[in-house]
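The chain contents come next:
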Amino acid sequence: MTAIKRKLPRDPNQRAKSIADIVAAISAGEDPETLSDQPAKDPERVARGKLGGAKGGTIRAAKLSLERRPGARTSARSRSPRS
């Protein structure tokens, strides 16, 4: 029996799925250490998402009235991790 050096999640449902994935990998003859938690992202979709996200704030700001625009700017700065 091989020792799994992988930290299991604390949530019981996630832990059960992780254990089931490990057992399935062992029974299929694969190495359970190579199981990845998250699938790789498609670079094309990531690029499209960044384009839409960069465009969204500018369009929203243009729709706001002059009275509400400064308040939205300070709210966005307080939420943003960047300064």
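Residues numbered from 1 in each chain as written. Predicted model: local features only at pLDDT ≥ 70, side-chain atom pairs only at ≥ 80, totals over all residues. Heavy atoms only, no water.

Our next topic: the overall build of the chain. Along the backbone of the chain there are 3 helices and 0 strands. Mapped from its N terminus to its C terminus, the chain presents α and β elements in the order α-α-α. Across the 83 residues of the chain, 7% fall into the buried class. Looking at the chain as shown, the accessible area adds up to about 7700 Å², and 55% of this sits on carbon and sulfur atoms. (Helix = DSSP H or I, 4+ residues; strand = E, 2+ residues; numbered from the N terminus. Buried < 20%, exposed > 50% of the residue type's maximum accessible area, 1.4 Å probe, protein only. Areas by Shrake-Rupley, 256 points an atom, 1.4 Å probe, with all protein chains shown as cover.)

Moving on, we come to the layout of surface pockets. The gaps left among the atoms become clear once a water-sized probe is rolled over them. For the largest pocket, the calculated volume is near 340 Å³. Gly 57, Arg 60, Ala 72, Arg 73 and Ala 76 are, among the 12 residues lining the largest pocket, the residues nearest its centre. Sorting the residues of the lining of the largest pocket by element identifies helix 2 (43-63) and helix 3 (69-79) as the ones contributing at least two each. The biggest single contributor to the lining of the largest pocket is helix 3, with 6 residues. Tallied by class, the residues present in the lining of the largest pocket amount to 4 nonpolar, 2 polar and 6 charged. (1 Å grid on protein atoms, 1.4 Å probe; cavity = no way out; pocket = protein on both sides within 12 Å on 5 of 7 lines; lining within 4 Å. Points joined across faces, edges and corners; volume = space filled by probe spheres on them. Nonpolar A, V, L, I, M, F, W, Y, C, P; charged D, E, K, R; others polar.)

The next thing to look at is helix 1 (residues 12-27). The end-to-end C-alpha distance of helix 1 is 22 Å, a good match for the 22 Å that 16 residues give at a rise of 1.5 Å each. Of all the positions in helix 1, only Ser 18, Ile 22 and Ala 25 are classed as buried. Buried residues along helix 1 cover an arc of 65 degrees about the axis, so they all sit on one side. Exposed positions of helix 1 whose direction lies more than 90 degrees from the buried face are Pro 12, Asn 13, Lys 17 and Ser 27. Taken from the residues just after helix 1, Gly 29 is the one with a positive phi, measuring 85 degrees. (Expected span 1.5 Å × (residues − 1). Arc of directions from axis to C-beta.)

Moving on, we come to the pattern of salt bridges. In total, this model carries 3 salt bridges according to the counting rule given. With its nearest N and O atoms 2.7 Å apart, the salt bridge here joins Asp 21 to Lys 17. Note that Asp 21 and Lys 17 are positioned in helix 1 at a spacing of 4 residues, about one turn of the helix. Using a relative accessible area of 33% as the deciding quantity, one classes Asp 21 as partly exposed. (Salt bridge = Lys/Arg side-chain N within 4 Å of Asp/Glu carboxyl O.)

This next bit is on helix 2. Relative to the 30 Å expected for 21 residues at 1.5 Å per residue, helix 2 spans 31 Å between its end C-alpha atoms, a close match to the ideal helical length. Among the 21 residues in helix 2, 0 count as buried, and that is only a small part of the element.

Parts of the prediction with low pLDDT should not have their coordinates interpreted in detail. Per-residue pLDDT for the chain averages 79, and the proportion of residues at 70 or more is 87%. Mean pLDDT across the secondary structure elements of the chain bottoms out at helix 3, with 76, and peaks at helix 1, with 90. (pLDDT = per-residue confidence, 0-100.)

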